[in-house]
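If you want the building blocks of each chain, they are given just below.
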Amino acid sequence: MNTKNNFNWALDTPFTQDMHENDEDIKASFFVLRQKLTENYKDEDPQEINIDARLKSADEVVSKMVNHNPNYQILGTRLYSKNVQKWKGHIISVDGDTFTAKLYDLVQKGTYEIGEFERAEVSQEDRDLIEEGAAFYWSLGYSWREGQVTKESVIRFQRVLWSQEDYDEAEDRAENLYNSISWE
Amino acid sequence: MDCPRYDEAEITIIGTGGGYGESVVAHIGDGEWLIVDSCINPVTKAPLPLEYLEGIGVDLKTQVKLIICTHWHDDHIQGISTVLENCPGAVFSMARAHDLKKFLRLVSLDYQKLKKVSTNSATNEFNRCLDILLKRKATAKASDCDKILYQRTVGIPVTVAALSPSDEAIHRFDAEVSKLITGFGSPSKRIQPLSPNAKSVVLLIKYGNSQRVILGADLEVDNNPNLGWLHILDQSQVIDGKASYFKIPHHGSLNGYHQRIWSELLEEDPTTSITPWNRNNKLPEPSMLEKYCSHSPYVFITSAVKTSKPKERDRMISKMIKRMNYKLKEVKYEKGIIRSRLNLTNSNAKWEVKLFDSAFHVNPILGKLILQ
């Protein structure tokens, strides 16, 4: 079955679209596959289902959809998660197995914090990026996997793509600054 | 708050508690002002030197004559591009490498990187200043040791001169710029100049023939006599008298202290000010406060050095942070203003200091501070 087909993507409906597109708290990481049960199966327009679109969890979405429309059948669920706090960090020093970073709260903006982290908390693929000046996102939250809830701390380093165009733009700007600003 | 008279000098130090920049605004007589560095309110992002000057009725468009960026350090120039934008009549001055082309290449490369990661860093602020100067087709002033940055000979004569960085410091900066460009590294990683304090611009303000002010920026003492404070003490050509006002350098640290500064550059019992540093390490240390108080009964600080605590948040989130064993320390915002004024027409006049918000006079409570 083609799970990438929008027809089967249960979250791509008018009442769930806002949730997975705009609501960062719910990562759209599960899908419900709809199965055609009879030859004369007629799709029920989700808009006619009177469901509050601002449901708090994907779990509620699934159960309500299944309860209201027997044509929907859960064939599989994966992990989904909810962030409760997020920061952007810049490493200010590295000391052996730990690094210290300036942390900007992305939820409660204003003052910044200083935090210390262990190298071991960073995924293997990102460890090479641990150096002074590097930027990362750090989020705390919960994850649900097969009904089990766990606390989660995720550090993701920023990987910036740098093209020849970026380099040329920088060089052009430098040239322009050199030619246009006089210095006494 | 009121505006100084035309014949009154004013040196106002604005601190933010040690994490959001610091700034000095100085009245150089005849309604003219200069602004040194910048700081912001982290919530409103408003540059505090502009807030102060507008609050006392200064016309930013015409009365601000000089804006100086003392060094390229994240926590000293926050909001400086907004300051420059709002003061179109001011000349912008900063220390830069002698090889201008290479220097501009470095800052542009770093700026290009930062545009992708969106951060509020010194490089961003500095590059925005360059963009403003470009748009205005303005002339900027490089700050070098013994260079006159501003002078007025009519009315109340005033001279503003840079005492640093030294030629040796600039020469080393040139080499550093080459290294930084070569080791450009990952585009995700910010360019980190080494020792920005070594290129700090120390300022001397001469009011007429008698009054001198030294603003110490973040310059430190170096063993090399061609660098730091030793270079100023032994080789400066513009110092022609002792200063009655001193902004203590580098947040009152031991690295910014030298006995000779106090005996050779400053009058007896000068009026002095300090801005604290409140990140991982905390400055000034109590022992240094004791030392400064032994030199002068007039030591003022913009806010106290405090133990950092976690940020106040929703109880559930705070609990989660604690349970996961993370120790976060908030860098608190604490505004403090030390305003000092001096009557320039009275040769016996002393600096009159007024304190606002978190600023306080250190000497009377030194004992209490040492015990903390």
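The structure under discussion appears in the preceding block.
Chemist: Provide a residue-level description of the pairing of strand β6 (residues 139-142) of chain B, including the pertinent values.
Modeler: The pairing of strand β6 (residues 182-183) of chain A with β6(B) spans two bridges and is parallel. The partner of A:Ser182 across the bridge, within β6(B), is B:Thr139. Note: strand β5 (residues 91-94) of chain B against β6(B), two bridges, orientation parallel. Note on β6(B): the bridge partner recorded for B:Met94 is B:Ala142.

Chemist: I'd like a rundown of the environment of B:Leu50, residues and numbers included.
Modeler: Residues and elements named next belong to chain B. Tracing the backbone shows Leu50 in helix α1 (residues 48-55). Since its relative accessible area comes to 5%, Leu50 is described here as buried. Remark: the alpha-carbon pair of Leu50 and Ile35, spanning 15 residues in sequence, is separated by 9.0 Å. Not counting residues up to four positions away in its chain, the partners in contact with Leu50 are Ile35, Leu60, Thr82, Val83, Asn86 and Cys87.

Chemist: With reference to specific residues and values, describe a positive patch on the surface.
Modeler: A grouping of A:Lys151, B:Arg315, B:Lys319 and B:Arg323 is seen on the molecular surface, where their side chains present a positively charged patch. For the positive patch, the element with the highest residue contribution is helix α10 (residues 315-323) of chain B, accounting for three residues. Considering the arrangement of structural elements, one finds A:Lys151 in strand β5 (residues 148-157). In this structure A:Lys151 comes out as partly exposed when scored by relative accessible area, which is 41%.

About the criteria used
Residues numbered from 1 in each chain as written. Chains lettered and ligands numbered in written order. Predicted model: local features only at pLDDT ≥ 70, side-chain atom pairs only at ≥ 80, totals over all residues. Heavy atoms only, no water. Pairing = 2+ DSSP bridges. Helix = DSSP H or I, 4+ residues; strand = E, 2+ residues; numbered from the N terminus. Buried < 20%, exposed > 50% of the residue type's maximum accessible area, 1.4 Å probe, protein only. Contact = heavy atoms within 4.5 Å. Patch = residues over 30% accessible without salt bridge, like charges linked within 9 Å, V, L, I, M, F, W, Y side chains within 5 Å. Areas by Shrake-Rupley, 256 points an atom, 1.4 Å probe, with all protein chains shown as cover. Salt bridge = Lys/Arg side-chain N within 4 Å of Asp/Glu carboxyl O. Lys, Arg positive; Asp, Glu negative; His and termini not counted. Charge placed at Lys NZ, Arg CZ, Asp CG, Glu CD.

Remember that the coordinates give geometry; whether it matters functionally is a separate question.
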